[in-house]
Amino acid sequence: MTSTLDRGAATTVVTPRPTPPKAPGRPHGRQGIAGLFRSSNGRKAVMAVTGAMLVLFLIGHMIGNAKLFLGKESFNAYAEWLRTVGEPALPARTLLTLTEIVLAAAVILHMWAAVTLARRAAKARPVKYATKKKSQANGYVVHTMRYGGVIVVLFVVWHLLDLTFGVVNPEGFAATPYDRVVAGFQPSRWWVTAFYVAALVMVGLHLRHGLWSAFQTLGLVGGRNRRLLNAGAAVFSALLILGFLAVPIAVTIGAVK
């Protein structure tokens, strides 16, 4: 197709350049899994979903630990149920192993999203503000989340070696779960209880900040809701951690033998 361009008495024939065909691509507005993981919003979603999974696990784990106060038989029966749930349709420990794999993946993804988002935020603001204004984002919370996360990871490793595999437990793996718990928190091993207390306090601070951040991301913080949600996150975290601390402290002081 040609077109003419009139310039006074002259007429010029202009041949337009052909438009190159568009490369096939994904429909507008759609992103694959890779795009989700690359975007900041996608990583925040990963943090939210994995964080919710871990909170549900903590609630269930705390309730299971409380069975220790019902006696040795009740606690050992609960531990046996965890290993045999799904039988005879599934081999022993199948559902427990799958749960452990999902939880491990959730922890890894949660940590990855947190670290990469922090690095992305630092790159977006390479120059610090001129005024040193203390805020929750730049104050103790950042240090708690960073170094507290290391303490929590070490705590999980010790917890597994102590009460799950019995490697560092005085009774060893052959003992019943109840006996391992009682032996692990004996008064002579007060340093183990102190480590558990410190680590669980870090978990509580991490949980409280995570809940508050989730409320902010969802746009729920504002007006009267601010104080209510702030208090709710603190109370929920405190109750959950106190539920976990009840077992080691009770054994250490001799309330459970």
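Residues numbered from 1 in each chain as written. Predicted model: local features only at pLDDT ≥ 70, side-chain atom pairs only at ≥ 80, totals over all residues. Heavy atoms only, no water.

## A closer look at the packing of helix H2 (residues 40-65) against helix H4 (residues 94-124)
Formally: For helices, the axis comes from a line fit to the C-alpha atoms of the stretch in contact; other axes are also lines fit to C-alpha atoms, and the angle between any two N-to-C directions lies between 0 and 180 degrees. Put simply, DSSP H or I for four residues or longer makes a helix, DSSP E for two residues or longer makes a strand, and each gets a number counted from the N terminus. An angle below 35 degrees is treated as roughly parallel, one above 145 as roughly antiparallel, one from 65 to 115 as roughly perpendicular, and anything else as oblique. Here a crossing is called left-handed whenever its near helix is offset anticlockwise from the far helix by less than a right angle, and right-handed whenever the offset is clockwise. Here, two residues are considered to be in contact whenever any of their heavy atoms come within 4.5 Å of each other. Here the nonpolar group is Ala, Val, Leu, Ile, Met, Phe, Trp, Tyr, Cys and Pro; Asp, Glu, Lys and Arg are the charged ones; every other residue, Gly included, is treated as polar.
H4 packs onto H2 with a crossing angle of 140° between their chain directions and a minimal axis gap of 8 Å. Taken together, the axes of H2 and H4 are oblique relative to one another. With respect to the hand of their crossing, H2 and H4 are arranged in left-handed fashion. Judged by residue contacts, Ser 40, Arg 43, Lys 44, Val 46, Met 47, Thr 50, Gly 51, Met 53, Leu 54 and Phe 57 of H2 engage Val 102, Leu 103, Ala 106, Val 107, Leu 109, His 110, Trp 112, Ala 113, Ala 114, Thr 116, Leu 117 and Arg 120 from H4. Looking at the contact of H2 with H4 residue by residue, the classes come out as 14 nonpolar, five polar and three charged.

## Description of the packing of H2 against helix H8 (residues 225-252)
Two numbers describe how H2 lies on H8: the axes approach to 9 Å, and their chain directions differ by 40°. If you check the angle between H2 and H8, you find them oblique. Read as a crossing pair, H2 and H8 show a hand that is left-handed. Seen from H2, the contacting residues are Val 55, Leu 58, Ile 59, His 61, Met 62 and Asn 65; seen from H8, they are Phe 236, Leu 240, Gly 243, Phe 244 and Val 247.

## Quick notes on a nonpolar patch on the surface
Put simply, the test is: Put simply, a patch holds well-exposed residues, over 30% relative accessible area, that have no salt bridge, with like charges counted together within 9 Å and Val, Leu, Ile, Met, Phe, Trp or Tyr side chains within 5 Å. Accessibility throughout is a Shrake-Rupley quantity obtained with a 1.4 Å probe, and a residue counts as covered only by protein chains that appear here. The salt bridge definition used is simple: a Lys or Arg side-chain nitrogen within 4 Å of an Asp or Glu carboxyl oxygen.
Together, Val 107, Met 111, Val 153, Val 156, Val 157, Leu 160, Leu 161, Phe 165 and Val 167 give the surface a local cluster of nonpolar side chains, amounting to about 710 Å² of exposed area. If you list the elements that add at least two residues to the nonpolar patch, you get H4 and helix H5 (140-164). Relative to the assigned elements, Leu 160 resides in helix H5.

## Here we look at the packing of aromatic side chains
Two descriptors summarise a pair of aromatic rings, namely the distance from one centre to the other and the angle between the planes of the rings. Spelled out, the test is: Side-chain rings of Phe, Tyr and Trp (the six-membered ring for Trp) are treated as a pair once their centres are within 6.5 Å; stacked means planes under 30 degrees apart, edge-to-face means over 60, and tilted covers the remaining angles. When a residue's accessible area, from a 1.4 Å probe over protein chains only, is under 20% of the maximum for its type it is buried; when over 50% it is exposed; and in between it is partly exposed.
Counted under the stated rule, the structure contains six aromatic pairs. Where Tyr 78 meets Trp 81, the ring centres are 6.4 Å apart and the plane angle is 25°; that geometry is what we call stacked. Of this pair, Tyr 78 and Trp 81 both sit in helix H3 (residues 72-84), separated by three residues, roughly a single helical turn. What makes Trp 81 partly exposed here is its relative accessible area of 49%. Pairing Phe 155 with Phe 195 gives two aromatic rings, centres 6.4 Å apart and planes at 70°, and the pair type is edge-to-face. Of this pair, Phe 155 sits in helix H5 while Phe 195 sits in helix H7 (residues 190-217), placing them 40 residues apart in sequence.

## A few points about the nonpolar core
A general feature of soluble globular proteins is that nonpolar side chains tend to end up buried together. Here is the rule we go by: The term nonpolar core refers to a set of buried residues drawn from Ala, Val, Leu, Ile, Met, Phe, Trp, Tyr and Cys, joined through side-chain atoms within 4.5 Å.
Membership of the largest hydrophobic core comes to 30 residues, with the highest contact counts inside it found for Leu 68, Val 181, Phe 185, Tyr 196, Val 251 and Val 256. Residue assignment for this core shows that the elements contributing at least two residues are H2, H5, helix H6 (177-184), H7 and H8. Residues within four places of Tyr 196 in sequence aside, it is in contact with Phe 155, Trp 158, His 159, Asp 162, Leu 163, Phe 185 and Leu 245.

## Some points on the environment of Tyr 178
Summarising the element assignment, Tyr 178 is placed in helix H6. Owing to a relative accessible area of 8%, Tyr 178 belongs among the buried residues under this scheme. In the structure, Tyr 178 is positioned 107 residues away from Gly 71 in sequence and 8.6 Å away in space, judged by C-alpha atoms. Beyond its immediate sequence surroundings of up to four residues, Tyr 178 is in contact with Leu 68, Gly 71, Lys 72, Phe 75, Asn 76, Val 256 and Lys 257.

## Re the pattern of salt bridges
By the definition in use, this model includes four salt bridges. Among the salt bridges present, the one from Arg 83 reaches Glu 80, with a minimum N-O distance of 2.7 Å. With Arg 83 and Glu 80 both in helix H3, this residue pair falls three residues apart, about one helical turn. Residue classification places Arg 83 among the partly exposed positions, given a relative accessible area of 33%. Using a relative accessible area of 37% as the deciding quantity, one classes Glu 80 as partly exposed. Taking the shortest distance from any N to any O, the salt bridge between Glu 100 and Arg 93 comes out at 3.0 Å. For Glu 100, a relative accessible area of 33% puts it in the partly exposed group.

## Here's the deal with H8
Rule in force here: Multiply 1.5 Å by the residue count of a helix minus one, and that product is the helix's expected span. The bend reported for a residue corresponds to the angle between axes fitted to the seven residues ending at that residue and the seven starting there.
Over its 28 residues, H8 runs 40 Å from end to end, which matches the ideal 40 Å to within 8%, given 1.5 Å per residue. At Ala 246, H8 shows its maximal kink, close to 30°; a proline, Pro 248, follows between one and four residues later. When H8 is considered as a whole, its buried residues turn out to be Leu 229, Ala 233, Ser 237, Leu 240, Ile 241, Phe 244, Leu 245, Val 247, Pro 248, Ala 250, Val 251 and Thr 252. Next to the buried residues of H8 lie H2, H6 and H7. Just beyond H8, the residue with positive phi is Gly 254, at close to 90°.

Remember that the coordinates give geometry; whether it matters functionally is a separate question.
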